[in-house]
Amino acid sequence: ITGLGHLFISSSLKTKILRFILKPLYRILFKSKRSYIIFQNFEDKKYLTKIGLTNNKKSFLIKGSGINIDHFKTSKTKKDSFQSPIKLLFPSRIIKEKGICEVLKAFNSLIRRGEKIELIIAGDIDNGNKSSLNNKELSLLRNDPNIKLLGHVDEMREVYENSDIIILPSWREGLSRSLIEAAAMQKPIITSNVPGCREIIDHGYSGLIIPAKDSKSLELAILLLIRNQNLAFYFAKNTRRKVIKEFEVNLINEETIKHYEYLFK
């Protein structure tokens, strides 16, 4: 289970009905004799156990898919200041559940304040998703001279390298690979206090954690790092340490192989 997704996040009546219909099917699938479920964050495991779709004997936690720390590694020497304009990176699909609306509100407010910033969006426009922006909102994005749309990017290392602050105010994640990659690249990060995000950042040590769906908190967090760049670089220095300790690909692979070995006994 890499994340619960729209089916479990949305509170709309239509989604609630669909969830009610699908729960018995999930229960049959997850409780089969050969069923063995791996989650990427504890909250998802706890939730599906609580609603009876699995149990603690058949469910386990592995923190993501692992990151190659030799690949995601900065090649630049220590910075003294941000670029001009300061580059904010939103590394995600352009859907509401990833916090894009909060990003745009915070960004536009900072622009009106006179801040010299640029927003870089590295992710697809997901028209097939119920949480996608409408055509008017997408048109405003495309025509904004302060916003750079990259679309889907296969190789993100250079994009992280050339960004100053990473922002991902998602409503929920399985375990955000984008944040782990950015942390490995030693970037200051602002993210939400939700499952799949808060496991990666230690608030006040390697980044800032803000309430979900709160554009004002996001705006103030960005402003804090803009005004206190030494603090931002302090966070950046600390981000990689946790990745090496908890999310490095060899550690994750070893843990995964142990579970396969247990299954085939």
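Refer to the structure printed above.
Calculation notes
- Residues numbered from 1 in each chain as written.
- Predicted model: local features only at pLDDT ≥ 70, side-chain atom pairs only at ≥ 80, totals over all residues.
- Heavy atoms only, no water.
- Phe/Tyr/Trp six-rings, centres within 6.5 Å; stacked < 30°, edge-to-face > 60°.
- Helix = DSSP H or I, 4+ residues; strand = E, 2+ residues; numbered from the N terminus.
- Buried < 20%, exposed > 50% of the residue type's maximum accessible area, 1.4 Å probe, protein only.
- Lys NZ or Arg CZ within 6 Å of the ring centre and 35° of its normal.
- Pairing = 2+ DSSP bridges.
- Axes fitted to C-alpha atoms, helices over the stretch in contact; angles between N-to-C directions.
- Contact = heavy atoms within 4.5 Å.

## Some points on the packing of aromatic side chains
Following the criterion strictly, the structure yields 5 aromatic pairs and no others. With a centroid separation of 5.3 Å and an interplanar angle of 65 degrees, the aromatic rings of Phe82 and Phe233 are classed as edge-to-face. Placement of Phe82 in the loop between β2 (59-61) and β3 (86-90) and of Phe233 in helix α9 (residues 229-247) is noted, with a sequence separation of 151 residues between them. Side by side, Phe82 and Phe233 carry an identical accessibility label, which is buried. Pairing Tyr205 with Tyr234 gives two aromatic rings, centres 6.1 Å apart and planes at 90 degrees, and the pair type is edge-to-face. Remark: Tyr234 occurs in helix α9 and Tyr205 occurs in the loop between β7 (189-192) and β8 (207-210); sequence separation between them is 29 residues. Across the ring face of Trp171, the terminal group of Lys213 is positioned such that the distance to the ring centre comes to 4.3 Å.

## Focus on the sheet that holds β3
Taking strand neighbours across the sheet as the criterion, the 6 strands line up as β5-β4-β3-β6-β7-β8 in an open arrangement whose pairing is parallel. Edge positions in the sheet fall to β5 (147-149) and β8, since each of these pairs with one other strand and no more. Averaged over all pairs of adjacent strands, the angle between strand axes in this sheet comes to 20 degrees, irrespective of strand direction. Bridge count for β7 against β8 is 4 bridges, and the pairing is parallel. Looking across to β8, one finds that Ser192 is bridged to Ile210. Running at roughly 160 degrees to strand β4 (residues 117-121), helix α4 (residues 100-113) makes contact with β3, β4, β5 and β6 (165-168) of the sheet.

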